[in-house]
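Commentary on secondary and tertiary structure
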Amino acid sequence: MNTKLILNIAFHLLRARLKQTIVAAVGVTFSIAMFIALVGFMNGLNDLLDGLMMNRTPHVLLYNEIKPSENQPIFLSKEFKDKTNFVGSIKPKDIGLSIYNSKTIIAVLKKDFRVIDVAPKVTLPVFFNTGTIEISGIINGIDVLSEDKLFKISDNIIEGKVADLLQNNSIIIGKGLSDKMLLTIGDIIKITTAKGNLASLKIVGISEIGISEIDNTMSYTSLNTAQKILGEPTNYITDIQVNLYDIESALAVSKEFKDKFDVDAIDFKTANSQFETGSSVRSIISYAVGVVLLTVAGFGIYNILNMMIYEKMDSIAILKATGFSGNDVKWIFLSLSVIIGLAGGILGLVFGYIFSSVIDLIPFKTASLPTITTYPIDYNPIYYMIGIVFALFTTIIAGLFPALKASKVDPVSIIRGK
């Protein structure tokens, strides 16, 4: 098989059907460009939303959950041990939400080579008082420096600074709460705990995450201030947040810590399972649309090559009559499809990058996400590799059947037919 001669004939046939060739290549180019732009945008959006969740979700969370006693009186009876029992008279133990021996646990975790850092927290349900109105919410008592290191809460502060929480009796409130109560930096906000404790805190900052359910209820204060409001000692901790170097090991590590420290533990994927499902569905949709675009382009190439075979029957017959084998003819038409796929695919990569860059420059403004200024685009090279590989695969499959048909043309019957 003379490869150079086969390619020369293939290029000659492409030039002879230049308009149809351009149409086929443009179809591949458009499909690849749209695939790259769509997948890049959807995965960029997923990364953006994942970032919003990951910035406030620890990889592993240790806490105490209120739950009934595992040893009910009915279990003491051997007669009913293996039967279905519906009696449950022992109520949850009065151990509260505090993690026992929390300081020792934190010290052990900080020495663990798998752990980036640990951020203790006190979750404090309260009522924010404005006149005669009480608005329910949650104050997070945090270790200011550790919390900002792990979860970048300073990125969500639109007024004030996180470091100001190091002052005694200070608080950072959500934007929704600030708007409802007409409060700003320097004002004093009064709170009431579930146990009736009263406190007055100075507002040193306002945060906005972009999720209304959080901005309307969530506030931050220092760990010491939260413990003081509750009237609890300095070892009172309700949550221990842990971030890991290997994020994929979070599930296994959470199970290990649960058994080791005798506390409840949950990993970030389990805590955000519904959110993870949404990200997966968006990715599947974007890939599915891209595959459909490429498949449609493949049908266009198939039709063009099929018509070319019918129009070039006499040329195929002459080629075979002059010594070209059926395999040579097959490779001529396969070369046509590869050339179209390669040319269209490369142009598709270029235009896909251009489209992505244009989308990336479009201003994105929304009151709910003030920190996001442009549309998110993911320029991962793997999308470009998938695009060019699938373009070649589609065009080769589209050209294979016409090529096989051309290789089986009987030159004698064609010449006699003329």
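Here goes a summary of the coordinates provided.

Description of the overall build of the chain
Counting its secondary structure elements, the chain contains 14 helices and 10 strands. For the chain, the proportion of contacts with a sequence separation of at least 24, taken over those separated by at least 6, is 76%. If you sum the accessible surface of the chain, you get close to 22400 Å²; carbon and sulfur atoms cover 63% of it.

Quick look at the packing of aromatic side chains
Tallied over the full model, the rule gives four aromatic pairs. Geometrically, the ring pair formed by Phe257 and Phe261 is tilted, given 5.7 Å between the ring centres and 50 degrees between the ring planes. Of the two residues, Phe257 and Phe261 both sit in helix H8 (residues 250-261), four residues apart, roughly one turn of that helix. You'll find Phe257 and Phe261 in the same group, each marked buried. It is Arg114 that lies over the ring of Phe113; its NZ or CZ is 5.9 Å from the centre.

Re unusual backbone geometry
The phi angle at Asn101 is positive, at roughly 60 degrees, despite the residue not being glycine. Within the element layout of this structure, Asn101 appears in the loop between strand S1 (60-63) and helix H3 (102-111). On the basis of relative accessibility, which here comes to 41%, the residue Asn101 falls in the partly exposed class. Notably, Lys152 is not glycine yet its phi reads approximately 50 degrees, a positive angle. Locating Lys152 in the fold gives a position in the loop between helix H4 (144-151) and strand S4 (157-160).

Points about the side chain of Ser207
Position of Ser207 relative to the elements: it lies in strand S7 (residues 198-207). Residue contacts for Ser207: discarding those within four places in its chain leaves Asn156, Ile157, Ile158, Ile172, Ile173, Gly174, Lys175, Asp215 and Tyr220.

Considerations on the pattern of salt bridges
Under the definition given, this model contains four salt bridges. When the shortest N-O distance is used, the salt bridge between Arg114 and Asp112 registers 2.8 Å. A relative accessible area of 23% places Arg114 in the partly exposed class. Residue Glu256 is joined to Arg114 by a salt bridge in which the shortest nitrogen-to-oxygen separation is 2.9 Å. Residue Glu256 is found in helix H8, and its partner Arg114 is found in the loop between H3 and strand S2 (115-130); the two are separated by 142 residues along the sequence. The exposure class of Glu256 is partly exposed, given its relative accessible area of 33%. Connected via shared salt-bridge partners are Asp112, Arg114 and Glu256.

A word on the packing of helix H1 (residues 3-16) against helix H12 (residues 326-361)
Where H1 contacts H12, the two axes come as close as 9 Å, and the packing angle between them is 60 degrees. Between H1 and H12, the angle is such that the two are oblique. Our pair here, H1 against H12, has a crossing hand that is right-handed. Touching Ile6, Leu7, Ile9, Ala10, Phe11, Leu13 and Leu14 of H1 are Asp328, Trp331, Ile332, Phe333, Ser335, Leu336, Ile339 and Ile340, all from H12.

A closer look at the pairing of strand S8 (residues 218-222)
Taking burial as the measure, the five residues of S8 include five buried ones, the bulk of the element. Relative to S8, strand S3 (residues 133-142) is paired through five bridges, and the arrangement is parallel. Its bridge partner lying in S8, Ile139 is registered against Ser219. Sheet topology places strand S5 (residues 170-174) next to S8; two bridges connect them, and they run antiparallel. Considered in S8, the bridge of Ile173 is made with Ser219.

Thoughts on H3
Ser102, Ile105, Ile106 and Leu109 are the residues of H3 that are buried. Along the long axis of H3, the arc covered by the buried residues comes to 100 degrees, so they all point the same way. Exposed side of H3, more than 90 degrees from the buried face: Lys103 and Lys111 are the residues found there. On its buried side, H3 packs onto S1, S2, strand S9 (239-244) and H8.

Concerning the nonpolar core
Proteins that are soluble and globular tend to have nonpolar side chains buried together. In terms of nonpolar packing, the biggest core is built from 41 residues, with Leu62, Leu109, Phe128, Ile189 and Ile240 touching the most fellow members. Tallying contributions element by element places S2 first for this core, with six residues. Ignoring anything within four residues of it in the chain, the contact list for Ile189 reads Phe128, Ile171, Ile173, Met181, Leu183, Ala199, Ser200, Leu201 and Ile203. Among the nonpolar cores identified, the runner-up in size contains 19 residues, and Ala25, Leu319, Ile340 and Ala406 belong to it.

About the cut-offs
- Starting from 1, residues in each chain are numbered consecutively following that chain's sequence as written.
- Residue-level local features of this predicted model are given only where pLDDT is at least 70; pairs of side-chain atoms are given and counted only at 80 or more, and the full residue set underlies all totals for whole chains, interfaces and linings.
- Values reported for side chains reflect all heavy atoms of the structure, with hydrogen atoms and water molecules removed beforehand.
- Helical segments are the DSSP runs of H or I of at least four residues, strand segments are the runs of E of at least two, and each set is numbered from the N terminus.
- Any two residues having at least one pair of non-hydrogen atoms within 4.5 Å are treated as being in contact.
- Using a 1.4 Å probe, the Shrake-Rupley method yields the accessible areas, and only the shown protein chains count as cover for residues.
- Here a pair means two rings of Phe, Tyr or Trp (six-membered ring of Trp) with centres within 6.5 Å. Their orientation is stacked below 30 degrees between planes, edge-to-face above 60, and tilted elsewhere.
- Burial classes: relative accessible area under 20% of the type maximum marks a residue as buried, over 50% as exposed, and values in between as partly exposed (1.4 Å probe, protein chains only).
- In this analysis the charged atom, NZ for Lys or CZ for Arg, is taken to sit over a ring once it is within 6 Å of the ring centre and within 35 degrees of the ring normal.
- Salt bridges, as used here, are contacts in which a Lys or Arg side-chain nitrogen is within 4 Å of a carboxyl oxygen on Asp or Glu.
- Lines fitted to C-alpha atoms define the axes here, with helix axes fitted over just the stretch in contact, and angles between the N-to-C directions of these axes take values from 0 to 180 degrees.
- For classification, angles of less than 35 degrees are called roughly parallel, those exceeding 145 degrees roughly antiparallel, those between 65 and 115 degrees roughly perpendicular, and all remaining angles oblique.
- The handedness criterion is simple: a crossing whose near helix is rotated anticlockwise from the far helix by less than a right angle is left-handed, and one whose near helix is rotated clockwise is right-handed.
- Pairing between strands is defined by DSSP: at least two bridges between the two strands are required.
- Regarding the arc, it is the one traced by the directions from the helix axis to the C-beta atoms.
- Residues grouped as a nonpolar core are buried Ala, Val, Leu, Ile, Met, Phe, Trp, Tyr and Cys residues, joined through side-chain atoms within 4.5 Å.

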